[in-house]
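# Report on the structure
What follows is the residue order along each chain.
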Amino acid sequence: MKHTLAMLVVNQPGVMTRIAGLYSRRGYNIESIAVGQTEDPKISRITLVVETENEAELEQITKQLYKLIDVIKINDITKDDAVERELALIKVSATSANRAQILQIVEIFRAKIIDVSLDALIIEVTGTQDKVEAMIALIKPFGLKELVRTGKIAMVRSAVQS
Amino acid sequence: MKITGAEALLESLRREGVDVIFGYPGGAVIPVYDMIYQKDFPHILTRHEQGAVHAAAGYARSTGKPGVCLATSGPGATNLVTGLATAYMDSVPVIAFTGQVSTTMLGRDSFQEADITGITMPITKHNYLVKKVSDLPRIIKEAFHIATTGRPGPVLIDLPKDVSVGHLNYSYPKTVNLPGYKPNYEGNAKQIKAASAALAAANRPLIYAGGGVISSGAEQELLRLAEKTQIPVTTTLMGLTAFPSNHPLFLGMLGMHGTAAANYAVTNCDLLLAIGARFDDRVTGDINAFAPHAQIIHLDIDPAEIGKNVRVDIPIVGDIKNIISALLPQLSPGRYEEWLETVERWKKQYPLAYQPQEGTIMPQAVIEELCALTKGDAIICTEVGQHQMWTAQYYQFTRPRSLITSGGLGTMGFGFPAAIGAQVGNPDRLVIDLAGDGSIQMNIQELATIASYQLPVKIIILNNGYLGMVRQWQELFFEKRYSQVALTNPDFTKLAEAYGIKAYTAEKPEELRELLQAVLEHQGPALLNCLVHPEVNVLPMVPPNGPIDQMLGVGET
Ligand SMILES: Cc1ncc(C[n+]2csc(CCOP(=O)(O)OP(=O)(O)O)c2C)c(N)n1
Ligand SMILES: [Mg+2]
């Protein structure tokens, strides 16, 4: 099953290598990894999407990650009430004949065209992974030339005060 | 006052209580060596960097204090790799300093540049590339803290040349600030209670102790636990010396070359109390048949060990010494008489044994003889192979930290340099490297080290003319196709003599005792080349991945 792990790590050179290295060494797979500074520049936030076979495997990899000196906190937010976003850039072939159709899809997904040339468009789409994947699936038939995705980032919602 | 990075390094080592560095110089560490010269800092020059790192580990394993080694950049640093991996697998606190090209030259494939922090990431507990000289005191402080606390392990610090020659305002931090590193030392009280209840309910409990007991310094607590409850004890290879070998409750080592009594006890126990042990495959054999009737209690400082290889019923994470101390008052004296009788019967029925053969020295006899002569009191270092297993089986250890052996990585060439470190750390003790004829040649160059420092290390080679352990597998599982295991050896006596080391060769059983005695009593370094029977197997043996109660070399139950 897919799990989303939100990690806080010390912002040190090499911390990503340590995490990625640990995964490959222990034979686990990373689906996506996104990293960036937090409100505290000494600390970075890593959002990791991993595929694990069972709970025991997830527990083991979490413990192994904790053994890294630079890892401060790991939260499995898969089941939490969290907002999740991913951004993708999609370069698609576009002729005068199908351009309108593509634009329609872009509109429906509330995506953006950020570059236009004679035979191609670059689309920027933001949303949950499902949304990004649906968009990609619809664009594909037009001729997908290039695709980049950031990987998922996520944040747990604050509890509503009563 | 401003001092250089090199001086700050030595000053920090001094404050950490380091009394010796094992090392080997080169271009990138000349500034550090210059400071060693100026400060007259104690340093042992090995003849290979692998010798230096194993020596640092031997020092650490035998004293319990961290060992320090130093190597130059590039090839010097890469020569440390085997030693770091060896230390990592056995959780040994080693601090390795490596030279590095200047920060301005990094990443350009400069002369003698190797990405040693990248290379050693998976085989160190942590590592550092120092980019600013002002960071150096903090990094050294952290390195010692990380290496020696929690589950110990090696830490490497890579020192670019401009860092060692750069200047800083020196002050050594008193504390560390590591938000991601907070080992847990106190066992959870509820879990400890659950463990004591489980022990009270058990009928056939067994203690399975590993190297963690020694790392924690919990040998006395283990002894009290066993004696109070009258629970029999087996240990792993790394756990040997954590419990007196001649104690009536001791069953010997378990696992692939464990005793029949220990392995039967594991298979038949209804409660397994694992203490600082990690269920390694050489211990468990077929994991599904391991302790099949037992509830498992697992005490370990490292949470990641819990549930890694086997399911655990009652995990307790913390320092072994603390946990046993908290557990002890909750336990009542044992009432496991019937179980103890069964275990005792196995011990009597299936003792370790071998067939002496007329006219040749049996390798096991060398160890028995050595044990008798030293009264089990020596520090025994081993290489890897059959001789290592015979040492584990036949030497009766009486003192903790007296077996220095590469358990996890199984590194040939470890024992001899480790003996150098152990001797430096224990100048008044008898230190012996029990070697194979293959292994000793992996770091044979260190003969020069013991000769030049007149370190009274004794080397005893069980010379069977083979890479014996591999030969044994080929005999048993590959129809005696002896591929690349027969050794054409040098004359070890002459070789040692070339270094100015006293040496003897023992060929006949009747001369063994006398020559062993001569070597042990010699004031300086000495070597005994024992020509032993070439084709003896280590028994019992659990075939790889088999259930551990089915052993070759053990009669029917
Ligand atoms: C560095 C290294 N290379 C290879 C091995 C594989 N190996 C394990 S035991 C062994 C034979 C060791 O021979 P020797 O030192 O003569 O000991 P013996 O088994 O004969 O007592 C070998 C080659 C190893 N453990 N370490
Ligand atoms: Mg041999």
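These numbers were taken from a predicted model, which means no experiment stands behind them. (Residues numbered from 1 in each chain as written. Chains lettered and ligands numbered in written order. Predicted model: local features only at pLDDT ≥ 70, side-chain atom pairs only at ≥ 80, totals over all residues. Heavy atoms only, no water.)

## Some remarks on the overall build of chain A
For chain A, the helix and strand inventory stands at four helices and nine strands. Taken from the N to the C terminus, the helices and strands of chain A come in the order β-α-β-β-α-β-β-α-β-β-α-β-β. Each of the three principal axes of chain A carries a C-alpha extent, and together these read 55 × 45 × 35 Å. Residue burial in chain A is summarised as follows: out of 162 residues, 40% are buried. By sequence separation, contacts in chain A at least 24 residues apart represent 71% of the contacts at least 6 residues apart. Of the side-chain charges in chain A, 21 are positive and 21 negative, and the distance between the mean point of each set is 2 Å. (Helix = DSSP H or I, 4+ residues; strand = E, 2+ residues; numbered from the N terminus. Buried < 20%, exposed > 50% of the residue type's maximum accessible area, 1.4 Å probe, protein only. Contact = heavy atoms within 4.5 Å. Lys, Arg positive; Asp, Glu negative; His and termini not counted. Charge placed at Lys NZ, Arg CZ, Asp CG, Glu CD.)

## Focus: the coordination of the magnesium ion (ligand 2)
Under ideal tetrahedral coordination, the four donors around a metal are separated by 109.5 degrees; under ideal octahedral coordination, the six donors are separated by 90 or 180 degrees. Note on the magnesium ion (ligand 2): its protein donors are D437(B) (OD), N464(B) (OD1) and Y466(B) (O). The metal-donor distances range over 2.0 to 2.1 Å. Taking relative accessible area as the criterion, D437(B) reaches 1% and is therefore assigned buried. (Donors = N, O, S within 2.8 Å, 3.2 Å for Na, K, Ca; no water.)

## Description of the interface of chain A and chain B
Listed as interface residues are 16 residues of chain A and, on the opposing side, 17 residues of chain B. For the pair chain A and chain B, the summed buried surface comes to about 1300 Å²; carbon and sulfur atoms form 56% of the total. The residue K67(A) makes a salt bridge to D302(B) at a minimum N-O spacing of 2.6 Å. The tally of links from chain A across to chain B stands at five residue pairs in polar contact (both at pLDDT 80 or more). (Buried area = accessible area lost by both parts, 1.4 Å probe. Salt bridge = Lys/Arg side-chain N within 4 Å of Asp/Glu carboxyl O. Polar contact = N/O pair within 3.5 Å; in protein donor to acceptor, adjacent residues only side chain to side chain.)

## Describing the domain arrangement of chain B
How big an interface is tends to be stated in terms of accessible area lost as the parts join. Residues and elements named next belong to chain B. Each domain of chain B was delimited in the assignment, giving domain 1 (2–169), domain 2 (189–349) and domain 3 (363–531). Relative to domain 3, the C-alpha centre of domain 2 lies at a distance of 30 Å. In this complex, domain 2 contributes 15 residues to the contact, which on the side of domain 3 involves 18 residues. In total, domain 2 and domain 3 occlude about 1300 Å² of area from one another, counting both sides; carbon and sulfur atoms represent 66% of this. The three residues of domain 2 that bury the most area against domain 3 are L237, T241 and H257, which together make up 42% of that side's buried surface. The interface formed by domain 2 and domain 3 includes zero salt bridges. Split by residue class, the side of domain 2 that touches domain 3 holds seven nonpolar, five polar and three charged. (Domains from an automatic or database assignment. Nonpolar A, V, L, I, M, F, W, Y, C, P; charged D, E, K, R; others polar.)

## What about the site of ligand 1?
All names here are of chain B. Around ligand 1, 17 residues are found, and the nearest of them are Q386, G410, G438, S439 and G468. Here a nitrogen atom of ligand 1 and a backbone polar atom of M412 are 3.3 Å apart. With respect to ligand 1, the side chain of S439 contributes an N or O atom lying 2.6 Å from an oxygen atom. When ligand 1 is considered free in solution it has 580 Å² of accessible area, and contact with the protein chains removes 76% of it. Those elements that place two or more of their residues in the shell around ligand 1 are α17 (386–394) and α20 (468–477). Of all the elements, α20 adds the most residues to the shell around ligand 1, at three residues. For the shell around ligand 1, a count of residues per class yields seven nonpolar, nine polar and one charged. (Near = heavy atom within 4 Å. Areas by Shrake-Rupley, 256 points an atom, 1.4 Å probe, with all protein chains shown as cover.)

## Some words on the sheet that holds strand β13 (residues 295–300) of chain B
All names here are of chain B. Taking strand neighbours across the sheet as the criterion, the six strands line up as β11-β10-β9-β12-β13-β14 in an open arrangement whose pairing is parallel. Either end of the sheet is taken by a strand with one partner, and the two such strands are β11 (250–253) and β14 (314–317). For this sheet the average axis-to-axis angle between neighbouring strands, irrespective of direction, equals 15 degrees. With three bridges connecting them, strand β9 (residues 205–209) and strand β10 (residues 233–235) associate as parallel partners. Bridged to A209 within β10 is T235. Here helix α12 (residues 260–268) sits on the sheet in contact with β9, β10 and β11, set at roughly 100 degrees to β11. (Pairing = 2+ DSSP bridges. Axes fitted to C-alpha atoms, helices over the stretch in contact; angles between N-to-C directions.)

## Some thoughts on the pattern of salt bridges
A full pass over the atoms with the stated rule returns 29 salt bridges over all chains. Of the charged contacts, one joins R15(B) and E11(B) as a salt bridge, the two residues approaching to 2.8 Å between their closest N and O atoms. Taken together, the residues span about one helical turn, with R15(B) and E11(B) both in helix α1 (residues 5–15) at a distance of four residues. Shared partners join several salt bridges into a network, and the residues in it are K67(A), R151(B), D302(B), E305(B) and K308(B).

## A closer look at the sheet that holds strand β17 (residues 431–436) of chain B
All names here are of chain B. Sheet architecture is open: six strands sit in the order β16-β15-β17-β18-β20-β19, paired in parallel fashion. Across the chains shown, the open sheet's two edge strands, defined by having one partner strand only, are β16 (403–404) and β19 (502–506). Note that β19 and strand β20 (residues 526–531) share five bridges and pair parallel. What sits directly across from K502, in β20, is A526. Across the sheet, helix α16 (residues 363–374) is in contact with β15 (379–382), β17, β18 (458–463) and β20; its angle to β18 comes to roughly 155 degrees.

## Comments concerning the state of the cysteines
Residues and elements named next belong to chain B. Tallied over the full model, the rule gives zero disulfides over all chains. Here C69 is not cross-linked by a disulfide; its sulfur's nearest cysteine counterpart is in C381, at 17 Å. Here C371 stays unpaired: no disulfide links it, and the sulfur of C530, its closest cysteine neighbor, is 15 Å away. Look at C371 and you get buried, because its relative accessible area is 10%. (Disulfide = S-S within 2.5 Å.)

## A few points about unusual backbone geometry
All names here are of chain B. Cis geometry is found at the peptide bond from L539 to P540, where omega equals 0 degrees. Looking at the element boundaries, P540 is found in the segment after β20. Here Q454, not a glycine, exhibits a phi torsion of approximately 50 degrees, which is positive. In this structure, E479 takes a positive phi of about 45 degrees despite not being glycine. By the secondary structure assignment, E479 is in the loop between α20 and α21 (492–498).

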